[in-house]
Amino acid sequence: MARKFKIKKGDTVEIIAGDDKGKKAEVLQVLPKRDAVIVAGCKIAKKAVKPTEQNPEGGFVNKEMPIHVSNVRKVEGE
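Since the structure is predicted, the reported quantities are computational estimates derived from the model, not experimental observations. (Residues numbered from 1 in each chain as written. Predicted model: local features only at pLDDT ≥ 70, side-chain atom pairs only at ≥ 80, totals over all residues. Heavy atoms only, no water.)

## Description of the pattern of salt bridges
And step 1. Counted under the stated rule, the structure contains three salt bridges.
And step 2. Between Asp 11 and Lys 74 there is a salt bridge, with its nearest N and O atoms 3.5 Å apart. Remark: Lys 74 occurs in strand E7 (residues 72-74) and Asp 11 occurs in the segment before strand E1 (12-15); sequence separation between them is 63 residues.
And step 3. Its relative accessible area of 35% is what places Lys 74 among the partly exposed residues.
And step 4. The shortest N-O distance in the salt bridge between Lys 23 and Asp 20 comes to 3.2 Å.
And step 5. Taking the relative accessible area as the measure of exposure, Lys 23 reaches 38% and is therefore partly exposed.
And step 6. Exposure remark for Asp 20: the relative accessible area of 15% places this residue in the buried category. (Salt bridge = Lys/Arg side-chain N within 4 Å of Asp/Glu carboxyl O. Helix = DSSP H or I, 4+ residues; strand = E, 2+ residues; numbered from the N terminus. Buried < 20%, exposed > 50% of the residue type's maximum accessible area, 1.4 Å probe, protein only.)

Here it is, written out as structure tokens:
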């Protein structure tokens, strides 16, 4: 079930668990149904992209993946 978070889009958060532990960055998107947030520049994954009209060559794209909300902490006053 979706919960209400204290973290909102545009807030600065610190990653407290995982490979990006210690990084501070801005929240790009909040996903309440998945209990997750997407943080700029953290948890980057390389995704394969099929060729389209906009990108005729296709290839790989680096994309931020969701991080569970329990693994981030809101940073106050920065």
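## Some details on unusual backbone geometry
And step 1. Here the phi dihedral of Asp 35 falls at roughly 55°; this positive angle occurs in a residue that is not glycine.
And step 2. Relative to the assigned elements, Asp 35 resides in the loop between strand E2 (24-31) and strand E3 (36-39).
And step 3. What makes Asp 35 buried here is its relative accessible area of 15%.
And step 4. With a phi angle near 55°, Lys 43 is a residue other than glycine that sits in the positive phi range.
And step 5. Structurally, the position occupied by Lys 43 is in the loop between E3 and strand E4 (44-49).

## Some remarks on the sheet that holds E3
And step 1. Read across the sheet, five strands follow the order E6-E3-E2-E1-E7 without closing on themselves; strand pairing throughout is antiparallel. At either end of the open sheet lies a strand with only one pairing partner, and these are strand E6 (67-68) and E7.
And step 2. Where E1 meets E2, three bridges bridge the pair, whose relative direction is antiparallel. Bridge pairing in E2 links Thr 12 to Glu 26. (Pairing = 2+ DSSP bridges.)

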